[in-house]
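Now for the letters of each chain:
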Amino acid sequence: MNGYLVFLILVLLIGLSGRVLYISDIFGKDFRLIGLSEFATLLFGSTIYLFTRSSLKKKHFKRVDLVHYVPGFFYILFVVFYFMLPSDEVIGSRAKTGELFRTITLFIGVGLLFNITYWVLSLQVFMTFRKQLRNELSYTVKTSFFFNFLMAIGVCLLSWVIVYFVSIFGFELIERQARQFIWLSIALIILFIAFYGIVSPDLFEISSLRKAQKYAQSKLSLKDLDTLKVSLENLMEQKKPYLNNKLLKAELSEMLGVSNPEMARLLNEKIGMNFFEFVNYYRIKEFISLAKTEKAKTLTLFGIAQEVGFNSKTTFNKSFKRLMGESPSTYFSNIQS
């Protein structure tokens, strides 16, 4: 299991333990127990980010990553020295003057801003990763689960923002009660991700599908690119590598005898498509040809699509409509009429 996911679970256990102990009244209604739960506040967002980066970009832990936890460390020190160590009399005095409310409100706001910033960074990592997949793979990979995970965390943070502003306008009781449910929701989301990671570990192995290389600067001239374009088109027509529904750009580059970055430059400068679009263009052409044969009469439209290399009905429909301007069923209905 991803190490950051384990740490995230521990962070949530810290956050929930203080609230559970406070609500259960095992040690009495000591407000300092709530302070214990605040230890997790600034550790949460940075861990979500590091977990996302580690899962999708395969960046393993380095000591420099500890810098993301520095604000959390100082936040914990503040909670300890301002909220937990002072006597009841000192805390009571601060509460009467309004200093306690103002300080807590300020630091909760800082914590929210910190977590939202890291959530945005996590979303950016995911969106960049998903875009990169289309430059390396000719087929779709199910990334919706990870996206839904980030969206669920985003909804929790948005709810937290709402109740935060509600408390500023004087409804502190609502804010305190709502935060319990928000923390519980976040915990359930993380635990579900952990469970899914155990029963379906391939969720966190998406990035291994890409044969990552350190791109070197391509030295091909424009004339070289023109020659390679002709060779690539001949390769696609004659050997039909697109029939492989798991075709990688690295594999097609090897067949053409060029490096991965050179293939990327060829597609970008001379063809005007990313790898995903380019391969599916040929699959659609093959699909239209195959659909007119006797063999096609025994197959469904998606059955024909699978024959030409598609592994997803949604991808097939979207690719066909993007290229032909209408759905497959509409296209063939118009031909028959």
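Note that the structure is predicted; figures quoted are calculated from it, not measured.

Asks: It is not clear to me how the overall build of the chain should be interpreted in this structure. Could you clarify?
Replies: Regarding its fold elements, the chain presents 15 helices and zero strands. The 337 residues of the chain split such that 44% are buried. Counting contacts in the chain only where the partners sit at least 6 residues apart, residues at least 24 apart contribute 72% of the total. Working note: accessible area of the chain is about 18200 Å², and carbon and sulfur atoms make up 62% of it.

Asks: Could you clarify how one ought to interpret the environment of proline 328 in this entry?
Replies: Tracing the backbone shows proline 328 in helix 15 (residues 328-336). C-alpha of proline 328 to C-alpha of asparagine 317: the two residues are 11 residues apart in sequence and 6.8 Å apart in space. Excluding anything up to four places from it in sequence, proline 328 contacts Leu301, Phe316, Asn317 and Phe320.

Asks: Any chance you could explain the confidence of the model for the chain here in plain terms?
Replies: Any region with low pLDDT has predicted coordinates that should not be read closely. Here the chain averages 81 in pLDDT, and 82% of its residues register 70 or above. Per-element mean pLDDT across the chain ranges from 66 in helix 8 (residues 172-199) up to 93 in helix 9 (residues 222-238).

Asks: In this structure, what is going on with the packing of helix 9 against helix 10 (residues 249-256)? I would like to understand it.
Replies: Packed helix pairs are characterised by how far apart their axes lie and by the angle those axes make with each other. Where helix 9 contacts helix 10, the two axes come as close as 10 Å, and the packing angle between them is 110°. Between helix 9 and helix 10, the interaxial angle falls into the category roughly perpendicular. Of the residues in helix 10, those in contact with Leu228, Ser231, Leu232, Leu235 and Met236 of helix 9 are Leu252, Met255 and Leu256. Residues that form the contact of helix 9 with helix 10 fall into these classes: seven nonpolar, one polar and no charged.

Asks: Before we go on, may I ask you to explain the nonpolar core in this structure?
Replies: Among soluble globular proteins, nonpolar side chains are generally buried collectively. By size, the foremost hydrophobic cluster in this structure holds 51 residues, and its most contacted members are Ile48, Phe149, Leu150, Ile153, Ile186 and Ile190. For this core, the secondary-structure elements that each account for two or more residues are helix 1 (3-24), helix 3 (41-57), helix 4 (70-84), helix 6 (99-136), helix 7 (144-168) and helix 8. No other element matches helix 6, which puts 11 residues into this core. If you look at the next biggest cluster of nonpolar residues, it comprises 18 residues, including Leu232, Leu267, Phe275 and Phe278.

Asks: Explanation requested: the pattern of salt bridges in the structure shown.
Replies: Proximity of charged atoms lets side chains of opposite charge pair with each other. Within this structure, the stated rule accounts for nine salt bridges. Between glutamate 136 and lysine 249 there is a salt bridge, with its nearest N and O atoms 3.3 Å apart. Of this pair, glutamate 136 sits in helix 6 while lysine 249 is found in helix 10, placing the two residues 113 residues apart along the sequence. Judged on exposure class, the residue glutamate 136 and its partner lysine 249 are both buried. A salt bridge links lysine 295 to glutamate 307, with the shortest nitrogen-to-oxygen separation between them at 3.0 Å. Highlighted residues: lysine 295 in the loop between helix 12 (275-291) and helix 13 (301-307) and glutamate 307 in helix 13, separated in sequence by 12 residues.

Asks: Honestly, the packing of helix 4 against helix 6 in this entry has me stumped. Any pointers?
Replies: Contact geometry for helix 4 and helix 6: axes closest at 12 Å, N-to-C directions at 165°. Viewed along their axes, helix 4 and helix 6 adopt a mutual orientation that is roughly antiparallel. Crossing of helix 4 over helix 6 shows left-handed handedness. Taken together, the residues of helix 6 that come into contact with helix 4 (itself represented by Pro71, Tyr75, Phe78, Tyr82 and Phe83) are Glu99, Leu100, Thr103, Ile104, Phe107, Ile108 and Phe114.

Asks: Hey, could you run me through the side chain of lysine 249 in this one?
Replies: Residue classification places lysine 249 among the buried residues on the basis of a relative accessible area of 2%. A distance of 3.2 Å separates a polar side-chain atom of lysine 249 from the backbone oxygen of asparagine 135.

Asks: Please explain a nonpolar patch on the surface as it appears in this structure.
Replies: On the surface, a nonpolar cluster with roughly 800 Å² of combined accessible area is contributed by Val64, Val67, Val70, Phe73, Phe74, Leu77, Phe81 and Leu85. Along the chain, the position of phenylalanine 74 falls in helix 4.

Asks: How should unusual backbone geometry be read in this particular structure?
Replies: A negative phi angle is the norm for most residues apart from glycine, just as the trans form is the norm for most peptide bonds. In this model, lysine 240 sits at a positive phi of 50°, which is unusual for a non-glycine residue. Note on placement: lysine 240 falls in the loop between helix 9 and helix 10. Overall, the relative accessible area of 29% leaves lysine 240 in the partly exposed class.

Asks: Would you take a moment to explain helix 11 (residues 260-271) for this structure?
Replies: Helix length check: helix 11 (12 residues) gives 15 Å between terminal C-alpha atoms against 16 Å at 1.5 Å per residue, within 8%. Those residues of helix 11 that sit buried are Asn260, Pro261, Met263, Arg265, Leu266 and Leu267. On the buried face of helix 11, the contacting elements are helix 6, helix 9, helix 10 and helix 12. Glycine 272, located one to two residues past helix 11, shows a positive phi value of around 75°.

Rules used throughout
- Residues numbered from 1 in each chain as written.
- Predicted model: local features only at pLDDT ≥ 70, side-chain atom pairs only at ≥ 80, totals over all residues.
- Heavy atoms only, no water.
- Helix = DSSP H or I, 4+ residues; strand = E, 2+ residues; numbered from the N terminus.
- Buried < 20%, exposed > 50% of the residue type's maximum accessible area, 1.4 Å probe, protein only.
- Contact = heavy atoms within 4.5 Å.
- Areas by Shrake-Rupley, 256 points an atom, 1.4 Å probe, with all protein chains shown as cover.
- pLDDT = per-residue confidence, 0-100.
- Axes fitted to C-alpha atoms, helices over the stretch in contact; angles between N-to-C directions.
- Parallel < 35°, antiparallel > 145°, perpendicular 65-115°, else oblique.
- Nonpolar A, V, L, I, M, F, W, Y, C, P; charged D, E, K, R; others polar.
- Core = buried A, V, L, I, M, F, W, Y, C linked by side-chain atoms within 4.5 Å.
- Salt bridge = Lys/Arg side-chain N within 4 Å of Asp/Glu carboxyl O.
- Left-handed = near helix turned anticlockwise from the far one by under 90°.
- Polar contact = N/O pair within 3.5 Å; in protein donor to acceptor, adjacent residues only side chain to side chain.
- Patch = residues over 30% accessible without salt bridge, like charges linked within 9 Å, V, L, I, M, F, W, Y side chains within 5 Å.
- Expected span 1.5 Å × (residues − 1).

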